[in-house]
Each structure stands twice: as C-alpha cells, then as structure tokens.
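Chains, contacts and geometry: an overview
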Amino acid sequence: RTPYLEDHRVEGAVVVPAAAHLELVLAAAQAAAGAGVGEDGETGLAAARLGEVRFLRPLVLPEGGSRRLQVWLEGGGLEGDREEDAFHFRILSCPVTTGAAAGVWTLHATGTVGKGADESRSLDLADLRGRCREQVPPLAHYDRLARQGLRYGPRFRGVDRLWRGAGEALGRVVAPPDMAAELE
C-alpha cells in the first residue's frame with residue numbers, strides 16, 4: 001500500500017481518493033490509444049474529456065491486506081472529438097485472497113474518457129471571488145470534515161485559502177509540505 005493513502009480516511013478506513021481513480025482512467029486510456037510518453041516527456045493525450053463520471057462504491061483498502069484493481073475500457077478510443085468516440089470505463093476491484101471472496105469483483109466507478117477538453121465552460125475567477133466573500137480558515141474546514149468522518153492527514157491538507165458564498169466556494173490548493181518533496 002502507498003504510505004500517503006494512510007492520510008485519506010473515511011470513517012477510519014483507508015479509501016482511495018476519487019482523483020486517483022481518474023488518474024488511473026487517464027493512464028489506461030493513454031495506454032490503450034497508444035498515446036504514451038514521448039521523448040520530450042509529453043503525453044500523447046494533450047487534453048482529455050471526462051464525462052458521466054459516477055462513483056458508485058468507495059475503494060476501501062483493508063488493513064494488512066490488498067485488493068486487485070482493474071480499469072476496464074471499451075468503445076471508441078481517443079481518435080475523434082465526439083462523445084461516441086470516447087472510451088467507456090469501469091473501475092473494479094476484488095480481494096487478493098483464496099477464500100470465498102476470491103474473484104468477487106466490486107464496481108467502484110464508471111464514466112467516459114475522450115479526446116479534447118470541454119471548452120464550453122469558462123469561469124471568471126474575479127467574479128467568483130466577488131461572490132464568495134466569507135473567508136473560511138483551512139483548519140476550520142478540515143475540522144468540519146473530520147466531524148463528518150473524513151479524516152485528512154498532512155499529505156491531504158492542501159487547501160491553503162478558502163472562501164464561500166451562497167451555494168459555491170473558491171479555494172486555493174497547494175502541495176502540502178509533506179508531499180512537495182515527493183512531487184519534485
């Protein structure tokens with residue numbers, strides 16, 4: 001198990017973050033489309049479009065155990081910009097065991113991944129900042145999450161500044177000091 005995941009807990013259990021699911025999907029789509037990393041270090045998939053993403057069940061990592069993970073792709077690929085050109089994905093896992101639970105797969109997430117970014121949405125950050133006037137201290141934010149059963153250790157405490165308004169929020173996220181060295 002990757003040590004940093006110990007800092008991402010829900011009701012005491014280690015849960016794989018949603019962002020990790022999406023990174024797995026993007027890597028699988030790149031590999032399936034032959035869009036690997038080139039000599040210049042750039043990936044062949046300049047921009048990806050995720051759609052209809054649904055997280056159905058948390059991917060809980062058992063204490064002292066492991067799970068087999070599978071990213072399953074079907075359909076089009078990354079050739080065109082139309083929705084029907086996209087891959088449909090599923091993320092599944094099963095226990096790594098020989099007992100009755102062996103081979104029982106759990107579906108965690110579904111969606112599509114295709115070529116190109118969704119350019120139909122733009123956001124004026126200055127306008128959003130004007131609507132989100134109430135500043136929330138990051139520590140208060142994490143305390144509130146902890147009361148709801150979401151416990152983020154140092155490696156998952158990247159919210160540096162946070163403002164909220166009516167039904168919306170704006171935050172600044174930076175790499176936490178514990179992760180910054182690992183990212184370099």
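Above this text is the structure in question.
**Some points on the sheet that holds strand E7 (residues 106–115)**
- One open sheet holds the four strands; their spatial order is E3-E7-E6-E5, and the pairing between them is antiparallel. Among the strands making up the open sheet, the edge pair consists of strand E3 (48–55) and strand E5 (67–75). Averaged over all pairs of adjacent strands, the angle between their axes in this sheet comes to 20°, without regard to strand direction.
- As paired elements, strand E6 (residues 87–95) and E7 share seven bridges and run antiparallel to each other. Residue pairing in the sheet places Arg90 in a bridge with Thr110 of E7.
- Helix-sheet contacts for helix H1 (residues 18–32) involve E3, E5, E6 and E7, and the interaxial angle to E3 is about 130°.

**Quick word on the pattern of salt bridges**
- Evaluated as defined, the whole model comprises seven salt bridges.
- The partner of Arg131 in a salt bridge is Glu168, with the nearest N and O atoms 2.6 Å apart. Here Arg131, found in helix H2 (residues 125–131), pairs with Glu168, found in strand E11 (residues 168–173); they are 37 residues apart in sequence, far enough to count as distant.
- Linking Asp160 and Arg172 is a salt bridge whose minimum nitrogen-to-oxygen distance equals 2.2 Å. Of this pair, Asp160 sits in strand E10 (residues 159–165) while Arg172 sits in strand E11, placing them 12 residues apart in sequence.
- Given a relative accessible area of 29%, Asp160 falls into the partly exposed group.
- You can call Arg172 partly exposed: its relative accessible area is 44%.
- Linked through salt bridges whose partners overlap, the residues forming this network are Glu6, Arg9 and Glu63.

**With respect to the packing of aromatic side chains**
- Within the structure shown, the criterion is met by two aromatic pairs.
- An angle of 25° between the planes, with centres 5.7 Å apart, marks the rings of Tyr4 and Phe156 as stacked. Placement of Tyr4 in the segment before strand E1 (8–10) and of Phe156 in the loop between strand E9 (150–152) and E10 is noted, with a sequence separation of 152 residues between them.
- A residue is classified by how much of its surface remains accessible, and Tyr4, at 25% relative accessible area, is partly exposed.
- Centroid distance Tyr142 to Tyr152: 6.2 Å. Interplanar angle 70°. Geometry classified as edge-to-face. Of this pair, Tyr142 sits in helix H3 (residues 138–147) while Tyr152 sits in strand E9, and the two are 10 residues apart along the sequence.

**Regarding the pairing of E6**
- The element E6 is largely enclosed, with a buried count of seven among its nine residues.
- Strand direction decides the pairing type here: E5 and E6, joined by nine bridges, are antiparallel. Of the residues in E6, the one forming a bridge with Val71 is Ile91.

**So, the sheet that holds strand E4 (residues 60–61)**
- Strand order in the open sheet formed by four strands is E4-E2-E1-E9, with antiparallel pairing between adjacent strands. Of all strands in the sheet, those bounded by a partner on one side alone are E4 and E9.
- In this sheet, E9 lies alongside E1 in antiparallel orientation, the contact comprising three bridges. In the sheet register, Val10 faces E9, and the bridge partner there is Leu150.

The rules we used
- Residues numbered from 1 in each chain as written.
- Predicted model: local features only at pLDDT ≥ 70, side-chain atom pairs only at ≥ 80, totals over all residues.
- Heavy atoms only, no water.
- Pairing = 2+ DSSP bridges.
- Helix = DSSP H or I, 4+ residues; strand = E, 2+ residues; numbered from the N terminus.
- Axes fitted to C-alpha atoms, helices over the stretch in contact; angles between N-to-C directions.
- Contact = heavy atoms within 4.5 Å.
- Salt bridge = Lys/Arg side-chain N within 4 Å of Asp/Glu carboxyl O.
- Buried < 20%, exposed > 50% of the residue type's maximum accessible area, 1.4 Å probe, protein only.
- Phe/Tyr/Trp six-rings, centres within 6.5 Å; stacked < 30°, edge-to-face > 60°.

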